[in-house]
Amino acid sequence: MSVVGVLTAGGDCPGLNAVIRAVTARVADHPDSEVVGIRNGWEGLMEGDTIPLDRDSVRGILTRGGTILGTSRMDPYVHGDGYQSCSRTIKRNGIDSLVVIGGDGTLRSALKLSQEGLPVVGVPKTIDNDIAGTDTTFGFSTAVQIATDAIDRLASTAESHNRVIVVEVMGRTKGWIATHAGIAGGADAIIIPEVPYDLAETADIVRSRHRRGQRYSIVVVGEGVQPPPGTKKKGARKDAFGFDRLGGISYRIAEQLEEMTGFETRVSVLGHIQRGGTPSAFDRVLATRLGVAAADYALAGKNGVMAAVRGTEIVPVSIEEACAEIRGVPADLYETAKTFFG
Ligand code: F6P
């Protein structure tokens, strides 16, 4: 008899339900095995809030956004007693291995719990695409498509009005969505946290475009960039768990650009629309493959690892490797995007 637990923690992400479905179906295929869902991330594990999952309870969820298990940003080491209450729920439910679907913060807690002896298998999740040890994360493709569609739409209205539009996309500390959506949407400038920026250069790009008869400019900004020099650093508002609430930096960038160029500059902050709704076909497939692999590791008692993408393969990497850094946009990818600025 083998019992596999599954939880989703941190910000939600398109494809979470596809992973839950894949883990459940794979375990259900295995004789004498069961799946226990944990509600609301680490919070449910600390409080013993569980729900049995079987093949029928996960039918029809592949295409649904969000997570049927619920999620939260509660961290057992920050908001609870760490290992103690988590291991109590694990023991009480006879869980042999816990599949943790989460981003960098969640995986760091999973690593600590695993180092204290909890049997944990990770699945990398985030629209931000910034987890180390894996080439990519599910949710990213969907977010990039949504942001690209938005850029296409914004370009057409900007052109009608001879305007500059600053499009702000998510990415807490890294500019993956900004870079990919910027390339896909033909952005005239992309500002990301990994690369120091100078608004005077962006203003030059905008002026030169308009001199050449282009009637609009699109500037894509990653939400995690530092405020432009000369603007006051506002104290970030916090969420219920003490994390900074991002979003809005592009208003300050737009204000300065308008002053520098004289062109009317508007802002569109895409926000949570990038995280909601149905996953792209790519993310459905990726999430399914990661979920099946994670279930296999869990059933084989291969704990302390994360299912990761390497090239075209799904392979186990240590959770420690996944937590070693927050993976940023490589310089050569940004250089490729830069070729098309202006
Ligand atoms: O980490 C994923 C993410 O969507 C970031 O891009 C964003 O900064 C953050 O979550 C927003 O989180 P919340 O919904 O908790 O404000």
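## Considering the state of the cysteines
Right, so step 1: Considering all chains together, one arrives at zero disulfides under this definition.
Right, so step 2: Sulfur of Cys 13: no disulfide; nearest cysteine sulfur belongs to Cys 323 and is 17 Å away.
Right, so step 3: Cys 323 forms no disulfide, and the closest cysteine sulfur to it belongs to Cys 86, at a distance of 15 Å.

## Quick look at the domain arrangement of the protein chain
Right, so step 1: For the protein chain, the assigned domains are domain 1 (2-139 + 279-323) and domain 2 (143-276).
Right, so step 2: Summed over both sides, the interface of domain 1 with domain 2 buries roughly 1,200 Å², with 56% coming from carbon and sulfur.
Right, so step 3: Broken down residue by residue, the surface that domain 1 buries against domain 2 is led by Arg 73, Ile 127 and Asp 128, which jointly contribute 47%.
Right, so step 4: At the boundary of domain 1 and domain 2, one finds five residue pairs in polar contact (both at pLDDT 80 or more).
Right, so step 5: Considering only residue class, the side of domain 1 that touches domain 2 consists of four nonpolar, five polar and four charged.

## Overview of the pattern of salt bridges
Right, so step 1: A complete count under the given rule lists twelve salt bridges for this structure.
Right, so step 2: Among the salt bridges present, the one from Arg 209 reaches Asp 188, with a minimum N-O distance of 2.8 Å. You can see Arg 209 sitting in helix α8 (residues 199-211) and its partner Asp 188 sitting in the loop between α7 (176-184) and β7 (189-191), a full 21 residues away along the chain. The pair Arg 209 / Asp 188 is uniform in exposure class, with both members buried.
Right, so step 3: With a closest N to O distance of 2.8 Å, Asp 204 and Arg 207 form a salt bridge. With Asp 204 and Arg 207 both in helix α8 and three residues apart, the pair spans about one turn of that helix.
Right, so step 4: For Arg 207, a relative accessible area of 28% translates into the label partly exposed.
Right, so step 5: A network of salt bridges, in which partner residues are shared, links Arg 163, Glu 264 and Arg 266.

## Quick word on the sheet that holds strand β2 (residues 33-38)
Right, so step 1: Here we have seven strands laid out as an open sheet, ordered β3-β2-β1-β4-β5-β10-β11, and mixed in their pairing. Sheet topology places β3 (50-53) and β11 (313-318) at the edges, where each strand pairs with a single neighbour. Strand after strand, the sheet turns through a mean of 30 degrees between neighbouring axes, direction not considered.
Right, so step 2: In this sheet, β3 lies alongside β2 in antiparallel orientation, the contact comprising four bridges. Opposite Ile 38, over in β3, you have Thr 50 as the bridge partner.

## Points about the pairing of strand β10 (residues 305-310)
Right, so step 1: Buried residues dominate β10, accounting for five of its six residues.
Right, so step 2: Note that strand β5 (residues 120-124) and β10 share two bridges and pair parallel. If you follow Val 121 over to β10, its bridge partner there is Val 305.
Right, so step 3: Taking the residues that link successive antiparallel strands as the turn, the β10-β11 hairpin has two residues, and the phi of Gly 311 there is positive, at about 65 degrees.

## Here's the deal with the site of the ligand
Right, so step 1: With respect to spatial proximity, the complete set of residues near the ligand consists of Arg 73, Ile 127, Asp 128, Met 170, Gly 171, Arg 172, Glu 223, His 272 and Arg 275.
Right, so step 2: A distance of 2.8 Å is found between an oxygen atom of the ligand and a side-chain nitrogen or oxygen belonging to Arg 73.
Right, so step 3: Between Arg 275 and the ligand, the recorded distance is 3.0 Å, taken from a side-chain N or O atom to an oxygen atom.
Right, so step 4: When the ligand sits alone it has 400 Å² of accessible area, and the protein chains cover 83% of it.
Right, so step 5: In the shell around the ligand, the residues fall into two nonpolar, two polar and five charged.
Right, so step 6: Each of domain 1 (2-139 + 279-323) and domain 2 (143-276) accounts for three or more of the residues forming the shell around the ligand.

What counts and how
Residues numbered from 1 in each chain as written. Predicted model: local features only at pLDDT ≥ 70, side-chain atom pairs only at ≥ 80, totals over all residues. Heavy atoms only, no water. Disulfide = S-S within 2.5 Å. Domains from an automatic or database assignment. Buried area = accessible area lost by both parts, 1.4 Å probe. Polar contact = N/O pair within 3.5 Å; in protein donor to acceptor, adjacent residues only side chain to side chain. Nonpolar A, V, L, I, M, F, W, Y, C, P; charged D, E, K, R; others polar. Salt bridge = Lys/Arg side-chain N within 4 Å of Asp/Glu carboxyl O. Helix = DSSP H or I, 4+ residues; strand = E, 2+ residues; numbered from the N terminus. Buried < 20%, exposed > 50% of the residue type's maximum accessible area, 1.4 Å probe, protein only. Pairing = 2+ DSSP bridges. Axes fitted to C-alpha atoms, helices over the stretch in contact; angles between N-to-C directions. Near = heavy atom within 4 Å. Areas by Shrake-Rupley, 256 points an atom, 1.4 Å probe, with all protein chains shown as cover.

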